[in-house]
Protein chains: 2
Amino acid sequence: MNPTNSPKLTTWLTVPEQSDFPIQNIPFGIFRSNASTPPRVGSRIGDTVIDIHALSTLGYLGNCPVPTEALAQDKLNAFFAMGRPAITALRNKISEIFRSDNAVLRDHEDHRLLICQQVNEVTMLMPVFIQDYTDFYSSMEHATNAGKMFRDPANALLPNWKHLPVGYHGRSSSIILSGTDIHRPKGQTKADDQDMPSFGPCKLLDFELEMAFITCKENKLGSSVSTSEAPDYIAGFVLFNDWSARDIQKWEYVPLGPFLSKNFASSISAWVVTLDALEPFQVASPKQDPPVLPYLQYKGDWNYNINLEVWIQPEKGESTRVTLSNFKYMYWNICQQLAHHTVNGCNIQVGDLYGSGTISGPDDTSYGSMLEITWRGSKPVKLKDGSERKFIQDSDTVILKGYAEKDGVRIGFGEVSTKVLPAI
Amino acid sequence: MNPTNSPKLTTWLTVPEQSDFPIQNIPFGIFRSNASTPPRVGSRIGDTVIDIHALSTLGYLGNCPVPTEALAQDKLNAFFAMGRPAITALRNKISEIFRSDNAVLRDHEDHRLLICQQVNEVTMLMPVFIQDYTDFYSSMEHATNAGKMFRDPANALLPNWKHLPVGYHGRSSSIILSGTDIHRPKGQTKADDQDMPSFGPCKLLDFELEMAFITCKENKLGSSVSTSEAPDYIAGFVLFNDWSARDIQKWEYVPLGPFLSKNFASSISAWVVTLDALEPFQVASPKQDPPVLPYLQYKGDWNYNINLEVWIQPEKGESTRVTLSNFKYMYWNICQQLAHHTVNGCNIQVGDLYGSGTISGPDDTSYGSMLEITWRGSKPVKLKDGSERKFIQDSDTVILKGYAEKDGVRIGFGEVSTKVLPAI
């Protein structure tokens, strides 16, 4: 085990109980102290945001191979472009600086005040510039449920589904950070009992519970990345809510796939949790039957045991958890996804985002969308305030949370929280 | 008529007969004089490339509102971000400098040699940084042909097709400039008579004859662009070859659309021809029946009478024209496409690329893909060297050309030329 992941490791910083950010996490993000200071690369332990740029200028990073310029950026791309070894080195160095037995920064109050800030005193910003965004469709339970509802219940899973990780391209311009409100989209829909379509605010607004990985290495156009090379290309994960307008989707998506039903917004969490931090939570993928083609075969355990929750918070009143799923349910893993994506020579770039697709578990307590949880509205969920939901209503805030837990260590993602405002 | 479009206008530069670039064109692109000089914004008249950055530094642009910095870039984005009025102003100013009755630059040899270079002595570069790329599917003839071959001949056009401009997101990382070779993609396919898929080089490699527009204005996420506002958002057009692997496409595309069958490469031409230059060639769109929803209604003529050709050049021997189509065949026009794309609040950014979809005319002399021209390989085309093609072979070069012609003025796009190398 990488010593930075040891459950025995403690820090001289305060870490609240049940925090997503113990010293074993050390995620990366972009923050701004206040309106007049420039954005910086940061990390987080407990409720403390660490200014990594300040760590560098004050000489704490030693021979860590990440130059100060890469930390004085408004996106993580320049840092991530240095690749997995640099990401690992920086995470290791931060772990060393903040561990309980290292008094150097702890006892240098002036420096400590420059480097350590409270999370509620800073503003988090979009962590990466995303040029290309791909969404996969890799949960068998979700693909089966969607197939039953959108297509043929008797043949819900299409013939190609178990042979390749189905994916499609999404829109990167409308990917937004947790905390950014969205408006209910308008669009064209057609009711089953009508001959003609009509136009108006979406009636079936839905979340999609997803994880997404972000790349830190590029391949040349025309070359491919094998399943064994794939981990070198992946910096880490964020939580991802791929907002969906089910009524718009139903009318538009044949034959070229979802378009306006998806591209009005997708929300991501602020902290990129590294592959290194998630290493202890790797688990075997479900057995694939029929066997996959050689280019999709892989070695090792590349699923992740990460609990995933979705909460709905009405305008007034408590929030209610509407699902508890897990990233481990994925049929296709990240190595297979990246190998498939590049097998035709498609080029990956640094900062690309790759969504898992909706992550659904085996039953309606673990489904990853309202479409599935309420079975297209036929079984509404009851919220704590007594109201019911078939889909998402105006003024609802949808909150995704995710964390892995083992041997008393909890590595979490924080949350991605998005409030829905009425259509304009 | 904008005086810069007058057929009477002549230039003191030499313009070869049948050139795509008379003084009425004045497109924009990015070029480099040689390996040691930086990329610059340029234009072209005849076979002369005009260094617009040099025009600016030498004081020829007068009160034109485009700052010198925007012209010292390796992409057109900073210039285009100034919007349609600035693009129009710069084009008008260049027209003025080079017209026959303006002797100022013509008679200043030192400046002329700094500003004017021969096209075969410079290197053209990617004109824009493209973050998001959308491909529409707006030719009724193409959609009908594809529907007949991929789906149900009796119901080739799907129910939504005449109600909205169907579109989907593409991959921007693999958009390449004319002159860049590609490798035949590999991928997963399944033969109709086989139970299991297999892996190998694509057997049915195809071009798609398209035009694409590039945006020069952004809207805020959550807001929409109406059909009447759309032209303010569009800088101009390029030729676009949306390479397609038909056998990979057939197996992968249900239910979420084309993915690896498209994202290995898409090729664009080097010069962005402005909406201003194409104004004289605007023509009425085909009548839309049934009538479209109010947000898709528009005023004016927004199709373009642009002849489009595809040529195949084998490794040895002459090239053969395999189709003659026209951009005027589009059922959905660019104003409708942009209004639809943003009606849900999706945000447009400067430098986005929007493909038309394959442009097919009414019969097999005007189809925009080999799939249609050879009707899935059942009617091979004969090339001048005596060989036949069902689809594109290794070592073939595919060349798209496009030009509008009226009153003796020919406004062209040059070409987009791509050679296919064997699979790696």
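Rules of the game
Residue positions are given per chain, counted from 1 along the sequence in the order it is written. Labels follow written order: the first chain is A, the first ligand is 1, and so on. Totals for whole chains, interfaces and linings use all residues, but because this is a predicted model, local features are given only for residues with pLDDT of at least 70 and pairs of side-chain atoms are given and counted only at 80 or more. For side-chain calculations, the full set of non-hydrogen atoms in the structure is used, while hydrogens and water are omitted. Only runs of H or I of at least four residues qualify as helices and only runs of E of at least two qualify as strands under DSSP, and these elements are numbered from the N terminus. The reference for a compact globule is 2.2 Å times residues^0.38; the radius of gyration itself is calculated from the C-alpha atoms. Relative accessibility decides the category of a residue: with a 1.4 Å probe and only protein chains considered, values under 20% of the type maximum give buried, values over 50% give exposed, and everything between is partly exposed. Note on contacts: a residue pair qualifies if any of its non-hydrogen atoms lie within 4.5 Å across the two residues. Two strands qualify as a pair provided that DSSP identifies no fewer than 2 bridges between them. A cavity, in this analysis, means grid points on a 1 Å lattice covering only the protein atoms where a 1.4 Å probe fits yet has no way out; a pocket is instead an open set bounded by protein on both sides within 12 Å along at least five of seven lines, and a residue lines either one if it has an atom within 4 Å of a point. Grid points are joined across faces, edges and corners, and a volume is the space filled by probe spheres set on the points. Throughout this entry, Asp, Glu, Lys and Arg are counted as charged residues, while Ala, Val, Leu, Ile, Met, Phe, Trp, Tyr, Cys and Pro are counted as nonpolar. The remaining residues, Gly among them, count as polar. By salt bridge we mean one thing: a side-chain nitrogen of Lys or Arg within 4 Å of a carboxyl oxygen of Asp or Glu. The copies were overlaid by least squares, fitting only the C-alpha atoms of residues that reach a pLDDT of 70 or more in each copy. Here a polar contact is taken to be a pair of N or O atoms separated by no more than 3.5 Å, where protein atoms must pair a possible hydrogen donor with a possible acceptor and residues adjacent in sequence count only if both atoms sit in side chains. Here a Phe, Tyr or Trp ring, Trp counted by its six-membered ring, pairs with any other such ring whose centre lies within 6.5 Å, and the pair is stacked when the planes are under 30 degrees apart, edge-to-face when over 60, and tilted otherwise. Only the stretch in contact is used when fitting a helix axis, every axis being a line fitted to C-alpha atoms; angles between N-to-C directions are given from 0 to 180 degrees. Buried surface area refers to the total accessible area, computed with a probe of radius 1.4 Å, that the two partners give up upon joining, counted for both partners together. Here, expected helix span is obtained from the residue count minus one, scaled by 1.5 Å.

**Student:** Teacher, can you tell me more about the overall build of chain A here?
**Tutor:** Counting its regular elements, chain A contains nine helices and 26 strands. For chain A, whose C-alpha radius of gyration is 22 Å, the value lies close to the compact-globule estimate of 22 Å for 424 residues. The principal-axis extent of the C-alpha atoms belonging to chain A is close to 70 × 55 × 35 Å. A total of 424 residues make up chain A; the buried ones form 63% of that total. Of the contacts made within chain A by residues no fewer than 6 positions apart, 72% connect residues no fewer than 24 positions apart.

**Student:** Is there a simple way to think about the environment of A:Gly351 in this case?
**Tutor:** All names here are of chain A. Its place among the elements puts Gly-351 in the loop between helix 8 (334–342) and strand 22 (353–355). For the pair Gly-351 and Cys-216, spaced 135 residues apart in the sequence, the C-alpha separation amounts to 6.3 Å. Sequence-distant contacts of Gly-351, that is, excluding residues within four places in its chain, are made with Asn-77, Val-128, Phe-129, Ile-130, Gln-131, Ile-214 and Thr-215.

**Student:** Explain the sheet that holds strand 20 (residues 307–313) of chain A here, please?
**Tutor:** Within a beta sheet, neighbouring strands are joined by backbone hydrogen bonds and run either parallel or antiparallel to one another. All names here are of chain A. Taken in spatial order, the five strands make up an open sheet running 9-26-25-20-21, and their pairing is mixed. A single partner strand is all that each edge strand has here, and the edge strands are strand 9 (182–183) and strand 21 (320–326). Looking at chain direction, strand 9 and strand 26 (residues 409–421) are connected through two bridges and run parallel. Bridge pairing in strand 26 links His-183 to Leu-421.

**Student:** Where do I start with the layout of surface pockets in this structure?
**Tutor:** With a probe scaled to a water molecule rolled over the atoms, the places where space remains empty come into view. Residue and element names in this part refer to chain B. Each pocket or cavity is described by its volume, and for the largest pocket that value is around 570 Å³. As for the largest pocket, its lining consists of 22 residues, and the residues nearest its centre are Lys-190, Ala-191, Asp-192, Asp-247 and Lys-250. The element contributing the most residues to the lining of the largest pocket is helix 7 (residues 246–252), with four residues. Residues of the lining of the largest pocket, tallied by class, amount to 11 nonpolar, four polar and seven charged.

**Student:** I'm lost on the pattern of salt bridges in this one. Help?
**Tutor:** One side chain can pair with another of opposite charge once the charged atoms of both are near each other. Scanning all chains against the criterion turns up 38 salt bridges over all chains. For B:Lys379, the salt bridge identified is with B:Asp364, shortest N-O distance 3.0 Å. Of this pair, B:Lys379 sits in the loop between helix 10 (370–373) and strand 23 (381–382) while B:Asp364 sits in the loop between strand 22 (353–355) and helix 10, placing them 15 residues apart in sequence. Exposure remark for B:Lys379: the relative accessible area of 41% places this residue in the partly exposed category. Several salt bridges share partner residues, and in doing so they unite A:Asp206, A:Glu208, A:Asp242, A:Arg246 and A:Lys262 into one network.

**Student:** I tried to follow the pairing of strand 13 (residues 209–215) of chain B on my own but got confused; where do I start?
**Tutor:** Two faces make up the sheet, and in a regular strand the side chains alternate between them. All names here are of chain B. With seven of seven residues buried, strand 13 lies mostly within the body of the structure. Two elements, strand 13 and strand 22, share three bridges in a ladder whose sense is antiparallel. Across the sheet, Ile-214 pairs through a bridge with Leu-353, a residue of strand 22.

**Student:** How do you make sense of the relation of the copies chain A and chain B when you look at a structure like this?
**Tutor:** Two copies of the chain are present, and they differ by a rotation about an axis and a shift along that axis. Superposition of chain A onto chain B requires a rotation of 180 degrees combined with a translation of 0.0 Å along the rotation axis, giving an RMSD of 0.0 Å. Given the turn and translation reported, the copies of this chain are related as if by a two-fold rotation axis. Residue A:Gly257 of chain A places its C-alpha closer to the rotation axis than any other residue of that unit, at 2.2 Å. Interface overlap between copies: 100% of the residues of chain A at the interface are likewise at the interface in chain B, consistent with a symmetric, same-surface contact.

**Student:** Before we go on, may I ask you to explain the environment of A:Ser139 in this structure?
**Tutor:** Residue and element names in this part refer to chain A. Tracing the backbone through its elements, the reader meets Ser-139 in the loop between strand 6 (133–136) and helix 5 (140–150). Its relative accessible area of 0% is what places Ser-139 among the buried residues. Taking the C-alpha atoms as reference, Ser-139 lies 7.9 Å from Ser-356; in sequence the two are 217 residues apart. Excluding anything up to four places from it in sequence, Ser-139 contacts Trp-161, Met-330, Thr-358, Ile-359 and Ser-360. Reaching out from Ser-139, the side chain makes a polar contact with the backbone nitrogen of His-142 at a distance of 3.1 Å.

**Student:** Help me understand the packing of aromatic side chains, please; the structure alone is not making it clear to me.
**Tutor:** Aromatic rings considered in pairs are described by the distance between their centres and by the relative angle of their planes. Counting across every chain of the model gives 33 aromatic pairs over all chains. When the centroid spacing of 5.0 Å and the interplanar angle of 20 degrees are considered together, the rings of A:Phe213 and A:Tyr354 count as stacked. Remark: A:Tyr354 occurs in strand 22 and A:Phe213 occurs in strand 13 (residues 209–215); sequence separation between them is 141 residues. Here B:Phe79 and B:Phe80 contribute two aromatic rings whose centre-to-centre distance is 5.5 Å and whose plane-to-plane angle is 45 degrees, an arrangement assigned as tilted.

**Student:** Where do I start with the sheet that holds strand 2 (residues 40–45) of chain A in this structure?
**Tutor:** Residues and elements named next belong to chain A. In space, the five strands of this open sheet follow the order 4-3-2-1-5, with antiparallel pairing throughout. Taken across any chain shown, the strands that pair with only one partner, and hence form the sheet edges, are strand 4 (116–118) and strand 5 (123–125). Here the average twist between neighbouring strands, direction ignored, is 50 degrees.

**Student:** Is there a simple way to think about unusual backbone geometry in this case?
**Tutor:** Each neighbour pair has its own omega, and for B:Val254 with B:Pro255 the value is 10 degrees, a cis peptide bond. Turning to its location among the elements, B:Pro255 is positioned in the loop between helix 7 and strand 16 (266–268). For the bond from B:Asp289 to B:Pro290, the omega torsion is 5 degrees, close enough to zero to count as cis. Note on placement: B:Pro290 falls in the loop between strand 18 (282–283) and strand 19 (303–304). Within the chain, A:Trp375 stands out as a residue other than glycine whose phi angle is a positive 45 degrees. Here A:Trp375 shows up in the loop between helix 9 (370–373) and strand 23 (381–382).

**Student:** Would you mind showing me how to read the interface of chain A and chain B here?
**Tutor:** Bring the parts together and some accessible area is lost; that lost area is often taken as the interface size. At the junction of the two partners, chain A supplies 59 residues and chain B supplies 59 residues. Both sides together, the interface formed by chain A and chain B hides about 5500 Å², and carbon and sulfur atoms give 63% of it. The interface formed by chain A and chain B includes four salt bridges. The closest approach of N and O atoms between A:Asp352 and B:Arg171, which form a salt bridge, is 2.7 Å. Viewed at the interface, chain B and chain A are joined by 31 residue pairs in polar contact (both at pLDDT 80 or more). Looking at which element gives the most residues to the side of chain A that touches chain B, the answer is strand 7 (residues 167–170) of chain A, with four residues. Of the residues belonging to the side of chain A that touches chain B, the class tally is 33 nonpolar, 20 polar and six charged.

**Student:** How do you make sense of the side chain of B:Asp206 when you look at a structure like this?
**Tutor:** Residues and elements named next belong to chain B. Relative to the assigned elements, Asp-206 resides in strand 12 (residues 205–206). A polar side-chain atom of Asp-206 sits 2.9 Å from a polar atom in the side chain of Arg-246. Those residues within four positions of Asp-206 in sequence are excluded, and the remaining contacts are Trp-243, Ser-244, Arg-246, Ser-369, Met-370, Leu-371, Phe-391 and Ile-392.

**Student:** In this structure, what is going on with helix 3 (residues 84–98) of chain A? I would like to understand it.
**Tutor:** Residue and element names in this part refer to chain A. Between its first and last C-alpha atoms helix 3 spans 21 Å; for 15 residues at 1.5 Å apiece the expected length is 21 Å, and the two agree. Among the 15 residues of helix 3, 11 are classified as buried, and the element is accordingly described as predominantly covered. Looking at helix 3, one finds that the buried residues are Arg-84, Ala-86, Ile-87, Thr-88, Leu-90, Arg-91, Lys-93, Ile-94, Ser-95, Ile-97 and Phe-98.

**Student:** I would appreciate a short explanation of the side chain of B:Asn241 in the present structure.
**Tutor:** All names here are of chain B. Looking at the secondary structure, you find Asn-241 in strand 14 (residues 234–241). The class for Asn-241 is buried, based on a relative accessible area of 1%. In contact with Asn-241, not counting residues within four places along its chain, are Phe-207, Glu-208, Ser-266, Ser-267, Val-398 and Leu-400.

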